[in-house]
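Okay, here's what each chain looks like letter by letter:
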Amino acid sequence: MPTTLPASLFSDGNALAHCKSHPISHPALCQWHAPQILLPAWLTALVLLVFAGVVVAIVAGAIRMFAAGRRLRFMRRIARWQPRDRYLLLPLRQPLAFAAGLVRGRAFVSAGLRAQLDRHALNMVLAHEHAHIRHHDMLTAVIVNALAKMHLPWFGAAIRRQWELAIEQRCDETVVRQTGDRLVVADCLVEVARAQQTSPSRSPGVNACHLLDDNLSARVTALLAGPAAPRRMSALTLTALGVGSIAVVLMGGPYLHRLAELLLPFASL
């Protein structure tokens, strides 16, 4: 083992003693070894660059959240509260329906959309938005979007699309349970989509769950096809998998330790 260590984020006097304890037949990259976290100079620079990128992304996200919060507060001020149906009526001609608010969610419906819907269709729209509020989907959306950004762009976008479709279909099923008619719910979605096509609507620019999105075709198809058979794992199965995974990690600790050392990049050998 060399007597000097490469440039690193953190140093520790016990590093050399630890490295000397490895037999010659046991190849290891001790300069990378936790808890010293000793990294080569090029990797130190890369880690700092990635950390700076994460900080910039967090600051940019916080600025967007602050701006969206200001827009939402303005929309709440100009809207009229409808106590009977528990929603805010926006004085806008564009047909809009969405749920917004990370902590205290509210349903929003524009005057333009309400004028084009009968009472039964309006109740279904509100039931859909209230389902989003009960499940705190607006807050979850922020978390999902943040986590999706940690993946490759195309993979993160796929995660967001699948999650958005799943929560919309869940809310659609909630409305079906209240109305008892899948065809009527599907017809309501098509009616709102038709209204938005005749009068294109713009996003309000807030963190919201909209009644309609790019998944309209998939949602209508799911409604007409009927409920999917639930596929849930029992609590016993989940517990067994968790206990088994922990046992494998505990018993294979030394082997995992050595495997991790052997798989480290060989540039620092």
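Attention in this report is confined to the structure presented alongside it. Position numbers for residues count from 1 along each chain, tracking the sequence in the order it is written. Where local features are concerned, this predicted model is filtered to residues with pLDDT of at least 70; where side-chain atom pairs are given and counted, the filter is 80 or more; whole-chain, interface and lining totals use all residues. Excluded from the side-chain calculation are hydrogens and water; included are all heavy atoms of the structure.

### Re the overall build of the protein chain
Each helix corresponds to a stretch of at least 4 residues labelled H or I by DSSP, and each strand to a stretch of at least 2 residues labelled E; elements are numbered beginning at the N terminus. What the protein chain contains, in helices and strands, is 10 helices and five strands. When accessible area is computed with a 1.4 Å probe and restricted to protein chains, residues below 20% of their type maximum are described as buried, those above 50% as exposed, and intermediate ones as partly exposed. Each of the 269 residues in the protein chain was classed as buried or not, and the buried ones make up 33%. Long-range pairs, those at least 24 residues apart, make up 64% of the contacts in the protein chain with a sequence separation of at least 6. Any two residues having at least one pair of non-hydrogen atoms within 4.5 Å are treated as being in contact.

### Focus: the packing of helix α6 (residues 153-179) against helix α8 (residues 216-225)
Where α6 contacts α8, the two axes come as close as 10 Å, and the packing angle between them is 40°. Judged on the interaxial angle alone, α8 and α6 are oblique. The way α6 lies across α8 gives a crossing that is right-handed. Contacts between α6 and α8 involve L165, E168, Q169, D172, E173 and V176 on the former and, on the latter, A218, R219, A222 and L223. When residue character is reported, Ala, Val, Leu, Ile, Met, Phe, Trp, Tyr, Cys and Pro are called nonpolar, Asp, Glu, Lys and Arg charged, and the others, Gly included, polar. Looking at the contact of α6 with α8, its residues break down into five nonpolar, one polar and four charged. Helix axes use the C-alpha atoms of the stretch in contact, all axes being lines fitted to C-alpha atoms, and the angles between their N-to-C directions lie in the range 0 to 180 degrees. The scheme is simple: roughly parallel for angles under 35 degrees, roughly antiparallel for over 145, roughly perpendicular for 65 to 115, oblique for anything else. Put simply, a crossing is left-handed when the front helix is turned counterclockwise from the back one by less than a right angle, and right-handed when it is turned clockwise.

### Structural notes on the nonpolar core
Here, nonpolar core refers to any group of buried Ala, Val, Leu, Ile, Met, Phe, Trp, Tyr and Cys residues whose side-chain atoms link them within 4.5 Å. Membership of the largest hydrophobic core comes to 33 residues, with the highest contact counts inside it found for Y87, V125, V192 and L211. If you list the elements that add at least two residues to this core, you get β2 (87-90), β3 (97-100), β4 (106-110), α4 (119-134), α5 (137-148), α6, α7 (182-198) and α8. With seven residues, the single largest contributor to this core is α4. Those residues in contact with Y87 that lie beyond four places of it in its chain are R80, W81, Q82, A107, V109, R114, L122 and L126. Within the second largest apolar cluster, 10 residues are counted, among which are L72, L88, F98 and V206.

### Thoughts on α7
Given 3.6 residues per turn, any residue in an α-helix points the same way as the ones three and four places further on. Compared with an ideal rise of 1.5 Å per residue, which puts 17 residues at 24 Å, α7 spans 25 Å between its outermost C-alpha atoms and is within 8% of the ideal. Considered for burial, the residues of α7 that qualify are R182, V185, A186, C188, L189, V192, A193 and A195. One side-chain oxygen of the residue at the start of α7 lies 3.0 Å from the amide nitrogen of L183, identifying that residue as D181. Helix span, as expected, comes to 1.5 Å for every residue beyond the first. In the analysis that follows, any N or O atom pair within 3.5 Å is treated as a polar contact, provided that within protein one partner can donate a hydrogen and the other can accept it, and provided that, for residues neighboring in sequence, both atoms belong to side chains.

### Description of the pairing of β4
Most of β4 sits out of view: four of its five residues are buried. Of the pairings in the sheet, the one linking β2 to β4 comprises three bridges and is parallel in character. Bridging across to β4, L90 finds its partner in S110. Paired strands, as defined in this entry, are two strands with at least two bridges between them according to DSSP. Here β3 runs beside β4; their pairing, made up of four bridges, is antiparallel. Residue pairing in the sheet places A100 in a bridge with R106 of β4. The antiparallel pairing of β3 with β4 creates a hairpin that spans five residues between the two strands, and G101 there sits at a positive phi of about 115°.

### Quick look at the packing of aromatic side chains
Ring geometry is summarised as follows: Phe, Tyr and Trp rings, the Trp one being its six-membered ring, pair when their centres sit within 6.5 Å, and such pairs are stacked at plane angles under 30 degrees, edge-to-face over 60 and tilted between the two. According to the stated counting rule, one finds two aromatic pairs in the structure shown. With centroids separated by 5.0 Å and ring planes inclined at 10°, the aromatic side chains of F98 and F108 adopt a geometry described as stacked. Of the two residues, F98 is situated in strand β3 and F108 in strand β4; the sequence distance between them amounts to 10 residues. Consider the ring centre and the ring normal. A charge sits over the ring if Lys NZ or Arg CZ is within 6 Å of that centre and within 35 degrees of that normal. Taking the ring centre of W81 as reference, the NZ or CZ of R106 above it sits at 4.8 Å.

### Notes on the side chain of D85
Residue position: D85 is located in the loop between β1 (80-82) and β2. The buried category is assigned to D85, whose relative accessible area is 15%. Of note is the side chain of D85, whose polar atom sits 2.5 Å from the side chain of R119. Dropping the residues within four chain positions of it, D85 is found in contact with R119, N123, L126 and H130.

### Observations regarding the packing of α5 against α6
Contact geometry of α5 with α6 gives a least axis separation of 9 Å together with a crossing angle of 165°. Between α5 and α6, the angle is such that the two are roughly antiparallel. Like other packed secondary-structure pairs, α5 and α6 cross with a definite hand, here right-handed. Between α5 and α6, the contacting residues are D137, T140, A141, V144, N145 and A148 on the first element and G156, R160, W163, I167, R170 and C171 on the second. Taken together, the residues that form the contact of α5 with α6 break down as six nonpolar, three polar and three charged.

### Examining the sheet that holds strand β5 (residues 208-210)
Taken in spatial order, the five strands make up an open sheet running β1-β2-β4-β3-β5, and their pairing is mixed. What marks the edges here is a single partner per strand, and that holds for β1 and β5. Each strand of the sheet is rotated relative to its neighbour by a mean of 30°, with strand direction disregarded.

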